[in-house]
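Structural description and commentary
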Amino acid sequence: MLMKTILLFGLLCGLLFNITVFAQEQQSFNFDKQAIYKMTYQPDSTDKSSIKEEYMELLLNDSISLFESTNKGIIDSLEFQKTMDENMLITSLPYSPFHYQILKQNNAIKTFDVLDEGSFKGPNNYYYTEDKKSFQWEIKEDTLTINNLLCQKAELKFGNRKWIAWFAAEIPISDGPYKFSGLPGLIIKLNDADNFWNFELVRLETISKTITINFKQDKQPALTTKKEFLANKKYFAENSLQIREMYGLRVTSGRSEMLRNSNEYYRKHSNWIELSF
């Protein structure tokens with residue numbers, strides 16, 4: 001137990017050090033197109049009844065795109081307005097378990113995410129960068145008509161999963177849901193080989209929207225690497241109770257049951273879109 005406490009303390013101190021050194025500042029972007037995807041996912045790989053869905057948005061202009069949950073977009077918009085008007089009253093907010101924002105610009109994919117949903121007080125917000133060139137698609141000859149769009153098949157290995165995409169060359173946008181991009185047309189449908197994660201384009205429309213990211217001064221994201229982030233996220237999920245206790249949670253009774261519930265929750269929500277092993 002002492003060794004685990006020392007390891008936890010070392011991990012958290014290391015994360016805190018990153019926050020004091022590498023902070024990503026507020027940025028604003030103007031977008032003129034929006035693609036809405038219906039995302040269907042299975043958080044528990046052993047239980048098909050756990051399937052859930054959420055709507056996601058891909059915001060675009062000629063040089064940048066931003067992918068996020070539509071609910072997160074609503075939350076951030078209202079909270080940003082609140083920073084501009086302290087008298088603004090927010091009575092309720094939608095909920096999303098997906099806190100990430102994925103910014104694609106030039107050859108870089110920058111992911112902003114949190115280790116924990118916010119129920120502990122330690123360092124939590126991070127970002128890491130990947131190279132778009134790491135997406136090595138294999139374009140197939142197979143075609144399929146989806147919503148009157150002629151689509152072509154492409155396959156890719158990413159995040160320890162095999163992915164199948166259907167893209168429409170007649171929509172000359174080399175982008176798609178989540179981090180996926182680099183095909184000669186917009187991705188209309190995407191799923192992994194096990195069918196745990198599915199994205200389907202619902203609509204594509206012209207908009208005029210300004211999005212500001214990283215506007216919360218007390219939650220500026222710190223630079224890390226993808227490998228470190230996924231490893232730490234997994235560690236936090238597996239040891240969430242112990243970490244909360246280190247940050248001041250006092251458990252006077254029922255600790256064994258709390259630990260059991262925490263472990264069960266992780267087991268039922270561990271089928272992440274990218275696997276860390």
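Look up: the structure comes first, before these words.
Our subject in this report is the structure included herewith. (Residues numbered from 1 in each chain as written. Predicted model: local features only at pLDDT ≥ 70, side-chain atom pairs only at ≥ 80, totals over all residues. Heavy atoms only, no water.)

Overview of the pattern of salt bridges
Scanning the model with the defined rule gives 21 salt bridges in all. Between lysine 38 and glutamate 53 there is a salt bridge; the shortest N-O distance is 3.4 Å. Placement of the pair is lysine 38 in strand β1 (residues 27-41) and glutamate 53 in strand β2 (residues 52-60), with a sequence separation of 15 residues. Since its relative accessible area comes to 46%, glutamate 53 is described here as partly exposed. Put simply, glutamate 274 and lysine 226 hold a salt bridge, and the shortest N to O gap is 2.4 Å. One end of the pair, glutamate 274, is in the segment after α5 (255-268); the other, lysine 226, is in helix α3 (residues 226-238), with 48 residues separating them in the sequence. Put simply, Glu138, Lys140, Lys153, Glu155 and Lys162 are held in one network by salt bridges that share partners. (Salt bridge = Lys/Arg side-chain N within 4 Å of Asp/Glu carboxyl O. Helix = DSSP H or I, 4+ residues; strand = E, 2+ residues; numbered from the N terminus. Buried < 20%, exposed > 50% of the residue type's maximum accessible area, 1.4 Å probe, protein only.)

Concerning the packing of aromatic side chains
For the structure on display, the rule yields 17 aromatic pairs. Consider the rings of phenylalanine 80 and phenylalanine 215, whose centres lie 5.2 Å apart with planes at 70°: the pair is edge-to-face. In this pair, phenylalanine 80 is assigned in helix α2 (residues 70-84) and phenylalanine 215 in the loop between β11 (197-213) and β12 (222-223), connecting sequence segments 135 residues apart. Given the relative accessible area of 23%, phenylalanine 80 is considered partly exposed. For phenylalanine 215, a relative accessible area of 8% gives the class buried. Through a chain of ring-to-ring contacts, the aromatic side chains of Tyr41, Phe98, Tyr100, Phe135, Trp137, Phe158, Trp163, Tyr178, Phe180 and Trp197 assemble into a single cluster. For the cation-ring pair, lysine 233 lies above tryptophan 272, with the distance from its terminal atom to the ring centre recorded as 5.1 Å. (Phe/Tyr/Trp six-rings, centres within 6.5 Å; stacked < 30°, edge-to-face > 60°. Lys NZ or Arg CZ within 6 Å of the ring centre and 35° of its normal.)

Description of the sheet that holds β1
The strand order β7-β8-β9-β10-β11-β1-β2-β3-β4-β5-β6-β12 describes an open sheet built from twelve strands, whose pairing is mixed. Edge strands, defined here as strands with exactly one partner in the open sheet, are β7 (138-146) and β12. Docked against the sheet, α2 engages β1, β2, β3 (64-69), β4 (101-105) and β11, running at close to 100° with respect to β3. (Pairing = 2+ DSSP bridges. Contact = heavy atoms within 4.5 Å. Axes fitted to C-alpha atoms, helices over the stretch in contact; angles between N-to-C directions.)

Some details on the environment of glycine 182
Here glycine 182 is to be found in the loop between β9 (161-168) and β10 (186-192). By relative accessible area, which is 53% here, glycine 182 ends up exposed.

Observations concerning α2
The end-to-end C-alpha distance of α2, which contains 15 residues, comes to 21 Å, matching closely the 21 Å that a straight helix rising 1.5 Å per residue would cover. For α2, the set of buried residues is Thr70, Lys72, Gly73, Ile75 and Asp76. Packing partners of the buried residues in α2 comprise β1, β2, β3 and β4. The residue sitting at the N-terminus of α2 and contributing the capping side-chain oxygen is serine 69; that oxygen lies 3.1 Å from the backbone nitrogen of asparagine 71. (Expected span 1.5 Å × (residues − 1). Polar contact = N/O pair within 3.5 Å; in protein donor to acceptor, adjacent residues only side chain to side chain.)

Function-wise, these values are silent; they only describe arrangement.
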